[in-house]
Structure formats: C-alpha cells, structure tokens
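Each chain, letter by letter, is given below.
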Amino acid sequence: MAKLSGKLSVLMPAYNEEAIIYENALEAARQICPLADDYELLVIDDGSSDRTKAEIERAAAENPKIRCISYQPNQGKGGALREGTAHAEGNYIAFCDADLDLAPEQLADFIDRMQRENADVVIGSKMHPESKVDYPVIRRVYSWGYYILLLLLFRLNVRDTQTGLKLFKAEVIKPVMRQILVKRFAFDIEVLAIINARGYKIISAPIEVVFHRASFGRIGYQDIRNMFVDTLAIFYRLHILHYYDKAATLERS
C-alpha cells in the first residue's frame, strides 16, 4: 500500500451530527492512521445547534490526533472546509464526509494514483468505470449534463465534481481556499476550476459508496437552479473579471 511521506490532514465537516460524529470520528482516525507518516483529523462543527461540538470533543479526548474546530453561525460545507484548511498542518489535505458513506481508507488508492501519475489533486468519482455505487438514474443524467457544462465553461474534464472524498497537495489547495467565495452549492466547482486554470493536474479515482442512512438527499429544482447560477458566477469571476488572479497577486505583494 502506498504511503504519504509527511503529514496528512483530513477535514471532516459536521452539521447537527451528534448521533454519529463521536463514533465516526474515531473510526475515521483509525482508517487514516496507516496512510501517512503522521496525520491529523480535523472535525469541523459547522455552527451546529445540537451537541455535535461536545461529541467531537469527546472523541478528541480519546484520540489526540482528532482536533475540533467550531464556530457560529452555520456557513455551509464550503465554509467549513475553508476554515478547516486554514487550520490544517499537513503536507497533504483530504476532504471526507462525516457520514462515512465513503470510507476514508479509500484514500490509500488516491495516494497510490497521486504518486504514480504525479497528480496534484485526486478526486473520487461515482462515474468512474471502476466505481461501486448505486444511485438514481436521474442523478446520473444531472451529472452528465453538468460535466458537459463544466467542460464548455472551464475545460474541466472531470465527470464528477461533487463526491466528498478528495485529496490535495497542501501547496495547491491552501492558496485557493483563501480565495473562494462560494460556500454552498458550487463550492467544489470553484475550487477545481481555479486549480485547473492554474495548470495543476487533477485526476479521478474510483470509489465505493455504502449508504449508512435510511435515505439520502434528493436534488430539487431550486438546488439545480442555485448550482447553475453559482457556476456562471464562477465563470464570470474566473474568465471575465480575473478575480482569482488579482487576489493571488495581492496575496503575494
């Protein structure tokens, strides 16, 4: 099994997850441990209104590699990952969902592909031919349509941008996360579009999804509309305003 030299930071956003976050944080830490010389699991309490923070702290008391980051109010997944990235100390940074539908141990394959293909970013893809996942046909249709849109707008040849498991080199993701503006619907697109525009290599990896809840969220018309609007806004900032290039220049000055 491939192993990262240096430190791996895994970010796990959590919103109102008091029922599962204690056990899932400990399990995630167990799975991450063999993947790198050193690691940390940053569990981000994204403005929860329940006991999520207390349950994260309980897990952290048992495993010192687990760190709790908490704030108010709720910012959405993108905001949580931006906050977590700012606190991450690793040479590599991974994103992982709190429900563990995507087991963190799958990052072992991501690491192998990153090293073998000299990639800067590896993202999990439900549409990869080797993936093992069962999700509704309508979701597949949405994914294909969105893939075509991203190819046209950003030349981003990535078929699935929304899957939660991702691995980045820290020097690639940290500057980008300081510049993102979208915190909810199209957060992943903003991150990947900026990275792609800067010439870094992004590859996809197969995943296995095991749903641990009775059901999973449905995509509604409003979600699609918001995603589309946010995506066009990213295109405007990236290619018309050149906002991200200007922000990077200001940061260096």
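Each remark here, short or long, concerns the structure printed above.
Residues numbered from 1 in each chain as written. Predicted model: local features only at pLDDT ≥ 70, side-chain atom pairs only at ≥ 80, totals over all residues. Heavy atoms only, no water.

K.L.:
Tell me about a nonpolar patch on the surface, and name the residues and values.
P.N.:
On the surface, a nonpolar cluster with roughly 240 Å² of combined accessible area is contributed by Phe-228, Val-229 and Leu-232. As for its placement among the helices and strands, Leu-232 is situated in helix H8 (residues 221-240). (Patch = residues over 30% accessible without salt bridge, like charges linked within 9 Å, V, L, I, M, F, W, Y side chains within 5 Å. Areas by Shrake-Rupley, 256 points an atom, 1.4 Å probe, with all protein chains shown as cover. Salt bridge = Lys/Arg side-chain N within 4 Å of Asp/Glu carboxyl O. Helix = DSSP H or I, 4+ residues; strand = E, 2+ residues; numbered from the N terminus.)

K.L.:
Lay out the pattern of salt bridges with the relevant residues and their values.
P.N.:
Pairing is possible between side chains of opposite charge, provided their charged atoms come close. Applying the stated rule across the entire model yields 16 salt bridges. Residue Glu-40 pairs with Lys-7 through a salt bridge whose shortest N-O separation is 3.9 Å. Here Lys-7 lies in strand E1 (residues 4-14) and Glu-40 lies in strand E2 (residues 36-46), a separation of 33 residues in the sequence. Here Glu-40 and Lys-7 have matching classes, each one buried. With a shortest N-O distance of 3.1 Å, Lys-7 and Glu-89 are connected by a salt bridge. A residue pair is termed long-range when its members are at least 10 positions apart, and Lys-7 in strand E1 and Glu-89 in the loop between helix H3 (77-87) and strand E4 (92-95) qualify at 82 residues. (Buried < 20%, exposed > 50% of the residue type's maximum accessible area, 1.4 Å probe, protein only.)

K.L.:
Run through the pairing of strand E3 (residues 66-71), naming residues and quoting values.
P.N.:
Two strands pair when backbone bridges link them, and E2 and E3 are joined in this way by 6 bridges, in the parallel orientation. Paired with Leu-42 across the strands is Arg-67, a residue of E3. Taken together, E2, helix H2 (residues 52-62) and E3 constitute a β-α-β crossover, and its handedness is right-handed. (Pairing = 2+ DSSP bridges. Right-handed = clockwise from strand over helix to strand, strands pointing away.)

K.L.:
If you had to explain the packing of aromatic side chains to someone new, which residues and values would you point to?
P.N.:
In total, this model carries 4 aromatic pairs according to the counting rule given. An angle of 80° between the planes, with centres 5.1 Å apart, marks the rings of Tyr-243 and Tyr-244 as edge-to-face. For Tyr-244, a relative accessible area of 1% corresponds to the buried category. These aromatic residues form a ring-pair network of at least three members: Phe-95, Phe-168 and Phe-187. Directly above the aromatic system of Tyr-22 lies the positively charged group of Arg-58, at a separation of 3.5 Å from the ring centroid. Its guanidinium or amino end placed over the ring of Tyr-39, Lys-65 lies 5.8 Å from that ring's centre, counting from NZ or CZ. (Phe/Tyr/Trp six-rings, centres within 6.5 Å; stacked < 30°, edge-to-face > 60°. Lys NZ or Arg CZ within 6 Å of the ring centre and 35° of its normal.)

K.L.:
I'd like to hear about unusual backbone geometry, residue by residue, with values.
P.N.:
Here the residue pair Gln-72 and Pro-73 is connected by a cis peptide bond, since its omega of -5° sits within 30 degrees of zero. Backbone geometry places Leu-100, a non-glycine residue, at a positive phi of 60°. Tracing the backbone shows Leu-100 in the loop between E4 and helix H4 (107-116). Taking the relative accessible area as the measure of exposure, Leu-100 reaches 9% and is therefore buried. The backbone of Asn-118 sits at a positive phi, close to 50°, despite the residue not being glycine. Secondary-structure assignment places Asn-118 in the loop between H4 and strand E5 (121-125). Since its relative accessible area comes to 56%, Asn-118 is described here as exposed.

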